[in-house]
Amino acid sequence: MNSLGTFGCAGLAQEIRAQLRLPAASPRLDGEALSSWVVRQADAHGMSVQALSFWLHGRGRQIFGDDVDRGAWGDSVGALARATRQPEEDLLRGTFRIYQGRLWGQCPLTGPVRWVLPLGRLGAQRVGYGVQYCPTCLATDELVHMRLDWRLAFIVCCPTHRCLLVDACVECGAPVAPHRWRTGVLRGVGTTGLLRCDVCGRDRRTCSAYRPADPDLVAAQLVLSSAVRDGFAQVGESLIHALAFFSGAAVLWSALDDQRNASIVGGLMSTSADHEAAEDRARYGSFERHRVERRAALLMGFGRVLAEGLASFVDRFARAGMGSHRLLRYTSAARSIAPYWLSSVVRERLDKTYYVPPEAEVLAAAAWLQAQSPSRPVRLTKLCQLLGMRTRNSVRVGRILKEFIGRQEGRSGARQS
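Residues numbered from 1 in each chain as written. Predicted model: local features only at pLDDT ≥ 70, side-chain atom pairs only at ≥ 80, totals over all residues. Heavy atoms only, no water.

Trainee: Sorry, what's going on with the packing of aromatic side chains here?
Mentor: The way to describe two aromatic rings as a pair is by their centre distance and the angle between their planes. In total, this model carries twelve aromatic pairs according to the counting rule given. With centroids separated by 5.2 Å and ring planes inclined at 50°, the aromatic side chains of Trp253 and Phe287 adopt a geometry described as tilted. Taken together, the residues Trp253 in helix H9 (residues 242-257) and Phe287 in the loop between helix H10 (262-265) and helix H11 (292-308) connect sequence positions 34 residues apart. Members of the aromatic cluster, joined through ring pairs, are Trp115, Phe154, Phe245, Phe246, Trp253, Phe287, Phe302 and Trp341. (Phe/Tyr/Trp six-rings, centres within 6.5 Å; stacked < 30°, edge-to-face > 60°. Helix = DSSP H or I, 4+ residues; strand = E, 2+ residues; numbered from the N terminus.)

Encoded structure:
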């Protein structure tokens, strides 16, 4: 058998591709998302992202088949690093791995993940508004690129230009999908999907929808972005590790986002972005799916919660007669846990764990109530209230009361006979 048959055509093609180099490759810019860098490399060589993927991996493998910024496609980073002569570690710094240990313990490679805007795909089309941009940043960039932090749910405005970010084409409303600019269409040399809508071709830099951001919104965003950068945040007088801070913040964002809490959190939320009437709100807590306007309102509300004080916010639920479950319902082992800085306040002010008094105390209290109104039966709600219990319908106390009433009726019958 000849050497080609032994090695195999597929192995030979893979070996050849491993030796290929992109002549016009450039380094990833500081803060640039890996997906943006991949698009820039394809543009620099006059090819589509799909063609670049075929060049690196062969037919049937698409780089943008998954979320590139999660680094979800295994050896592609290594292949890109070799082809462009760039350090693999630097390319990985363009993925969400840099937020591990701060936003979450480990970023899942697939499925929903807290604080990351979902791209949403329907076949080859993108249906989620998972990429945002600042038109002024793109207009003033020396090298146009998309920032990685524009993919985060709590980043809603540009701290440099103090304006709301844009998450769709202002002309046709299509989601931002820079990698699809050259798909199936011969585009001019020098053009890029980083600047133009792949559906209608509108230049993102000419966006006339400049929307100044409220100073309080910018300040609230700074709290969260600083927590990511520094690794901690200050809540009241306490310094909280970023991982615990964002875990608790996700619970509060979910509570603010839940339509069922509208009467409780009223005044905290901005009125400029109401709930979408047609949206299914059965799955509460998925605030990452919202458009930028709604997330801005949630961020503003969260900033007011921190300014007002967590205890004051929790007291809103206490005044409405809610228990701790009303806030802790948004927690789960898979998505968000309730860290101590949040759960301790919730438990202190909303916990309705039932006090179960000893049987002798229940009987003594029932006898006292009976003595106050001998002609009327003792009511369970009055008995629980006298015992200082938070519940008014304890099964155990009700059983003891039933036995007490039975003995009383037995004694009354014996006296009558």
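Trainee: I keep staring at empty space enclosed by the protein and nothing clicks. Help me out?
Mentor: Over the atoms rolls a probe the size of a water molecule, and its path tells where empty space is left. If you walk through the whole model with that rule in mind, you get three cavities of 30 Å³ or more. By volume, the largest cavity amounts to about 150 Å³. Together, 20 residues line the largest cavity, and Ser35, Asp69, Arg126, Val131 and Pro178 are the ones closest to its centre. Ranked by residue count, the leading element in the lining of the largest cavity is helix H3 (residues 34-44), at three residues. Residues of the lining of the largest cavity, tallied by class, amount to ten nonpolar, four polar and six charged. The space that makes up the second largest cavity amounts to roughly 40 Å³. The wall of the second largest cavity is formed by Val39, Ala42, Asp43, Met47, Ser48, Val49, Pro178, His179, Trp181 and Arg182. If one sorts the elements of the lining of the second largest cavity by residue count, H3 sits on top with three residues. Taken together, the residues that form the lining of the second largest cavity break down as six nonpolar, two polar and two charged. (1 Å grid on protein atoms, 1.4 Å probe; cavity = no way out; pocket = protein on both sides within 12 Å on 5 of 7 lines; lining within 4 Å. Points joined across faces, edges and corners; volume = space filled by probe spheres on them. Nonpolar A, V, L, I, M, F, W, Y, C, P; charged D, E, K, R; others polar.)

Trainee: Looking at this structure, how should I read the environment of Asp230?
Mentor: Locating Asp230 in the fold gives a position in helix H8 (residues 215-230). C-alpha of Asp230 to C-alpha of Ala242: the two residues are twelve residues apart in sequence and 8.0 Å apart in space. Separated by 3.0 Å, the side chains of Asp230 and Arg229 make a polar contact. (Polar contact = N/O pair within 3.5 Å; in protein donor to acceptor, adjacent residues only side chain to side chain.)

Trainee: When you look at the nonpolar core in this model, what are you seeing that I'm missing?
Mentor: A general trend in soluble globular proteins is that nonpolar side chains are found buried together. The biggest cluster of nonpolar side chains holds 100 residues, and the ones touching the most others in it are Trp115, Phe154, Phe245, Phe246 and Phe313. The element contributing the most residues to this core is H9, with ten residues. Filtering out sequence-adjacent residues up to four positions away, Trp115 remains in contact with Leu103, Arg151, Leu152, Ala153, Phe154, Leu224, Phe246, Ala249, Ala250, Trp253, Phe287 and Glu288. Core analysis: the next-biggest nonpolar cluster, separate from the first, contains 14 residues, Val362, Leu369, Val378 and Met389 among them. (Core = buried A, V, L, I, M, F, W, Y, C linked by side-chain atoms within 4.5 Å. Buried < 20%, exposed > 50% of the residue type's maximum accessible area, 1.4 Å probe, protein only. Contact = heavy atoms within 4.5 Å.)

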